[in-house]
Amino acid sequence: MACDSIEGWLKAGFEAAFPGNDFSNVRALPATDAKFGDFQCNDALAAAKTLHMPPRKIAEAVFARLEADRPDFIAKFELAGPGFLNITVSTDWIAARLAALAADAHTGIPQTGAGQRVVIDYSSPNAAKQMHIGHIRSTVIGNAIDRIYRALGYGVIADNHLGDWGTQFGILIKGYRECLTQEERDNLTVANLEKCYVLSAAKAKEEDGAWKEACKAELVKLQQGDADNLALWKRFIDISIGEFDRMYAKLGVKFDTYRGESYYNDTMPGVVAKLQEMGLAVESEGALIVNLEAEKLGVAIVRKSDGGYNYTTSDLACVKSRVEEYSPERIIYVTDARQQLHFRQWFSIAAKMGYSGVKLVHVPFGLMSYGGKAISTREGNLIKLDELLAEAVRRALEIVKARTTTGDTPNPAADQATPAQISLAEQIGYGAVKYSDLSHDPITDIDFNWDKALALEGNSGPYLQYAYARVCSLLDKAAEGEGGRFGEAALPSGGRGATALPGEMLLSTPIEKQLGLQLLQFGPTVLRAAECYKPSVLADYLFQTAQLYSSFYQRSPILKSEPAVRDARLRLCALFGKVLSTGLHLLGIETPNRI
Ligand code: ARG
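Visitor: So what exactly am I meant to see when it comes to the overall build of the protein chain here?
Guide: Of the regular secondary structure elements, the protein chain holds 21 helices and 16 strands. Overall, the protein chain is about 85 × 75 × 40 Å in size when its C-alpha atoms are taken along their principal axes. Counting all 595 residues of the protein chain, 52% fall into the buried class. Excluding contacts between residues fewer than 6 apart, the proportion of contacts in the protein chain whose partners are at least 24 apart in sequence is 73%. Per element, the accessible surface of the protein chain, about 27,200 Å² overall, is 52% carbon and sulfur. Positive and negative side-chain charges of the protein chain, numbering 64 and 72 respectively, have mean locations separated by a distance of 2 Å.

Here it is as C-alpha cells:
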C-alpha cells in the first residue's frame, strides 16, 4: 500500500472497520517498553465508549483490517491485552525517516499553524518598578511558548501587556514632584521611580490624609488628560520600557507590541455599555457587576462605585481589540496562578458577549522561591532580575575559566576574562536560569537553586549545552581526520556547529535504533508541548534524548569504526546535534559550539 505513515495506516484500518466514525485522533505512541515493540496504539480502548463495544472486540476488528493491508515497513504487528495494538517497524523504515528528518527544513516540526494567528500575552510587568526575580517566569515560559508556536508555523503576535495605568501614577507624580532631588529628576531611572513611589506611598498613609488627597488629585488630572501629567506619565513609561528592554535583550526576548492597559482606556466605556445592553452587567451598591454565581465564579466588578474601571474591564476591552485587529485562532495569557479566578471570570464574560470563535487560554504558573525561602520584600530576598542575571554570568564565568585554564599551565591573565569567555558565560548563565524554570511543569512551585541550575551533570541547561558542544567537537575531529570530506559533502568543521549530514542512516545496534526512534519523536513532542502549553514537555524530551545519546556514544566506537559504519554513526550524531540545538533554541537557550 502507498501509505508510508503508521498513523495513516492505523486510521485507515479503524475507518474500514467502523465506517462513519471520526478517527482523526488515532495515534501511534512510542511503546512504553521495548519488549512490546516500537509503537503502541491505544485507540481501541479510547473508542469503546462511543462505539459501545468491549475494547478487545474493537481491536480485533481493526486488527483484522490492518493485518490484511499491512505495509512492508511494519515488521511485527500484535494484538495484546484488553486491546492494545503493538507495532514494530523495520530498521530500514526508521533509517529512511531519519534521512528525511535530516533533510527537512523544519526538523520534523509539523506546520500545523500555517495560516493561523495566535496572540501571546506574556511578561507584562507593571511600569515604574524594576523587574525582580518573580517576573522571570512569565517572561521565560511565555517566550518559550512564543518560539514553539512560531516553529509550528503560526503567525505569532507577542504582546507585552504592561501594567501602565492605575492609582499608582497619582502617587508617582506627586512623589516625583516632591520626593526627588533636581538631579534625580533630571536623570530619571526606574530605580529613582521606585524610590519616589515608596516615599510617596508612605506619606499617603499619614494621619491627616492631605498627601493622599493630593495624589488622588494628580491622578484625576492625569485621567482628564492634563498635558503636564500626561507628559510625566509618558516619561515614566518610556523609562520603564527602556529598562525592561535591557532585560529582554539579555534574555533574547522580543515583543511585537507593547500595548499596556492604558491602550484600552478609550474603549472600556463601550464595553461596559454593551454589557449593560446585553443585560449581563447590573448595578450593585453603586458598582456595576456581572454575576457569575451560576458557574461558581462569584461576582466580577466591571465598573467600580467611583466610576473607575478595573482589570476585568481592561481585559475585556483588550480581547475585543485583539479579535478585531488580528482575528487570532487563540490568545494565550501567561501569568501567575493567583490570577486564575480573574481569567476564569472574564473568559466566561467574553463567551457570553459572543467571543466564541477565539480560544482563550490562561497558562498559570506556580510561585518561585529562592534557596528554599519564599520571595518577598519581608524576607529581604526580592532579588532584582538584573542582579540575578549578573550573578548567573559571574558564576558561569568561573566554570568557563576553570575549563579553559589548566592547572599545569599557569595563566597570569586568569582573572582577566576575555570577551569570548564573557560571551560564553552569558550563554551558559542565562541558559541555566531559563532551563531551571522550563524543566518544570509551569503550574508547579519551584525553588531556584544555583548549584542545580549550573550543574554540568544532571538535568540542567549547561549539561545540554555541553552535550551539544561535544557533538560539534566530534564532527570537527572527523572533519580534520578526513581532510574535511564526508562522502560527497564537506563536514561542518571549524566550529560551525552540527548541521545534519545528508546520506544513508544505518542502524546496526539496538541502541542506535532506539536513538533513531527517539529523534523521530522530536516533531510530535514540539506539537505536544504547544498543545498543552508546557515547555517542560520539550525540556524532558531533550534531556532524555541527550541521555540516550550519551549511552550510544559510550557504547559505540565512531571515528575508529570501518568507514560505512563510521559515516552512518556520524550522521546520527549530527542529527542528534541538530535536534538538540533546535529544541534548545525553542526554549530560548543558546548553543555554543565549544564550552
Ligand atoms: N500586569 C499584570 C501583572 O503584573 C499581568 C498582565 C497579564 N495580562 C493580561 N492581559 N491580564 O500581574
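Visitor: When you look at the pairing of strand β7 (residues 281-284) in this model, what are you seeing that I'm missing?
Guide: Taken residue by residue, a regular strand's side chains alternate between the two faces of the sheet. In terms of strand pairing, β7 meets strand β8 (residues 287-291) through four bridges, oriented antiparallel. Across the sheet, serine 284 pairs through a bridge with alanine 287, a residue of β8. Taking the residues that link successive antiparallel strands as the turn, the β7-β8 hairpin has two residues, and the phi of glutamate 285 there is positive, at about 50 degrees.

Visitor: What is the right way to look at the packing of helix α4 (residues 91-103) against helix α21 (residues 563-586) in this model?
Guide: Two packed helices can be described by the angle between their axes and the distance between those axes. Contact pair α4 / α21: the axes reach a minimum separation of 10 Å and the direction vectors enclose 50 degrees. It follows from the interaxial angle that α4 and α21 lie oblique. Seen from above, α4 lies across α21 with left-handed handedness. Touching Leu98, Leu101 and Ala102 of α4 are Leu572, Leu575 and Lys578, all from α21. Tallied by class, the residues present in the contact of α4 with α21 amount to five nonpolar, no polar and one charged.

Visitor: Looking at this structure, how should I read the sheet that holds strand β12 (residues 368-370)?
Guide: Note: strands within a sheet are paired through backbone hydrogen bonds, in either parallel or antiparallel orientation. Pairing within the open sheet is mixed, and its three strands lie in the order β13-β12-β14. Across the chains shown, the open sheet's two edge strands, defined by having one partner strand only, are β13 (373-374) and β14 (446-448).

Visitor: Just to check I follow, could you spell out helix α6 (residues 168-179) for this structure?
Guide: Owing to its 3.6 residues per turn, the α-helix brings residues three or four apart onto one side. For α6, a buried count of nine out of 12 residues is recorded, marking the element as mostly surrounded by other parts of the structure. Along α6, the residues that are buried comprise Phe169, Gly170, Ile171, Leu172, Ile173, Lys174, Gly175, Tyr176 and Cys179. Among the structural elements, α7 (182-186), α8 (190-203), α9 (210-223) and α10 (227-251) are those in contact with the buried residues of α6.

Visitor: What's the story with the environment of valine 119 in this structure? I'm lost.
Guide: Looking at the element boundaries, valine 119 is found in strand β5 (residues 117-121). Taking C-alpha positions, valine 119 is 5.8 Å from valine 156, a pair spaced 37 residues apart along the chain.

Visitor: Looking at this structure, I do not really get the pattern of salt bridges. What am I missing?
Guide: Side-chain pairs of opposite charge can arise where the charged atoms are in close proximity. Evaluation of the coordinates by the stated rule reveals 30 salt bridges. Between glutamate 178 and lysine 174 there is a salt bridge; the shortest N-O distance is 2.6 Å. With glutamate 178 and lysine 174 both in helix α6 and four residues apart, this pair spans about one turn of that helix. The partly exposed category is assigned to glutamate 178, whose relative accessible area is 48%. Given a relative accessible area of 10%, lysine 174 falls into the buried group. Of the charged contacts in the structure, one is a salt bridge between glutamate 295 and lysine 352, with a shortest N-O distance of 2.8 Å. Of this pair, glutamate 295 sits in the loop between β8 and β9 (299-303) while lysine 352 sits in helix α13 (residues 340-352); the two residues are 57 residues apart in sequence, bridging distant segments of the chain. By relative accessible area, which is 34% here, lysine 352 ends up partly exposed. Linked by salt bridges that have partners in common, Glu243, Arg246, Lys250 and Asp386 make up one network.

Visitor: Just to check I follow, could you spell out the site of the ligand for this structure?
Guide: Residues in close proximity to the ligand include Asp121, Ser124, Asn126, His161, Tyr311, Asp315, Tyr333, Thr335, Gln339 and Phe343, which together make up its full environment. Between the ligand and the protein, one listed contact pairs a nitrogen atom with a side-chain N or O atom of aspartate 121 at 2.8 Å. Contact distances for the ligand include 3.1 Å between a nitrogen atom and a side-chain N or O atom of asparagine 126. Its residues assigned to classes, the shell around the ligand comprises three nonpolar, five polar and two charged.

Visitor: I tried to follow the packing of helix α15 (residues 419-438) against helix α17 (residues 461-481) on my own but got confused; where do I start?
Guide: At their nearest, the axes of α15 and α17 sit 8 Å apart, and the two run at 125 degrees to each other. Between α15 and α17, the crossing angle belongs to the class labelled oblique. For the pair α15 and α17, contact is made by Gln427, Ile428, Gly431, Ala432 and Tyr435 and by Gly461, Pro462, Leu464 and Gln465, respectively. Within the contact of α15 with α17, the residues separate by chemical class into five nonpolar, four polar and no charged.

Visitor: I tried to follow the nonpolar core on my own but got confused; where do I start?
Guide: Generally speaking, nonpolar side chains in soluble globular proteins are found buried as a group. Ranked by size, the top nonpolar core spans 154 residues in total, and within it Ile6, Leu10, Val89, Leu98, Tyr149, Ile332 and Leu538 carry the most contacts. Once residues within four sequence positions are removed from consideration, isoleucine 332 is found in contact with Val118, Val119, Ile120, Asp121, Ile145, Tyr149, Val361, Val363 and Tyr533.

Visitor: How do you make sense of helix α5 (residues 136-151) when you look at a structure like this?
Guide: In a regular helix each residue adds 1.5 Å, so 16 residues correspond to 22 Å; α5 covers 22 Å between its end C-alpha atoms and thus fits that length. Of the residues trailing α5, glycine 153 is marked for its positive phi of about 95 degrees.

What counts, and where the lines are drawn
- Residues numbered from 1 in each chain as written.
- Predicted model: local features only at pLDDT ≥ 70, side-chain atom pairs only at ≥ 80, totals over all residues.
- Heavy atoms only, no water.
- Helix = DSSP H or I, 4+ residues; strand = E, 2+ residues; numbered from the N terminus.
- Buried < 20%, exposed > 50% of the residue type's maximum accessible area, 1.4 Å probe, protein only.
- Contact = heavy atoms within 4.5 Å.
- Areas by Shrake-Rupley, 256 points an atom, 1.4 Å probe, with all protein chains shown as cover.
- Lys, Arg positive; Asp, Glu negative; His and termini not counted.
- Charge placed at Lys NZ, Arg CZ, Asp CG, Glu CD.
- Pairing = 2+ DSSP bridges.
- Axes fitted to C-alpha atoms, helices over the stretch in contact; angles between N-to-C directions.
- Parallel < 35°, antiparallel > 145°, perpendicular 65-115°, else oblique.
- Left-handed = near helix turned anticlockwise from the far one by under 90°.
- Nonpolar A, V, L, I, M, F, W, Y, C, P; charged D, E, K, R; others polar.
- Salt bridge = Lys/Arg side-chain N within 4 Å of Asp/Glu carboxyl O.
- Near = heavy atom within 4 Å.
- Polar contact = N/O pair within 3.5 Å; in protein donor to acceptor, adjacent residues only side chain to side chain.
- Core = buried A, V, L, I, M, F, W, Y, C linked by side-chain atoms within 4.5 Å.
- Expected span 1.5 Å × (residues − 1).

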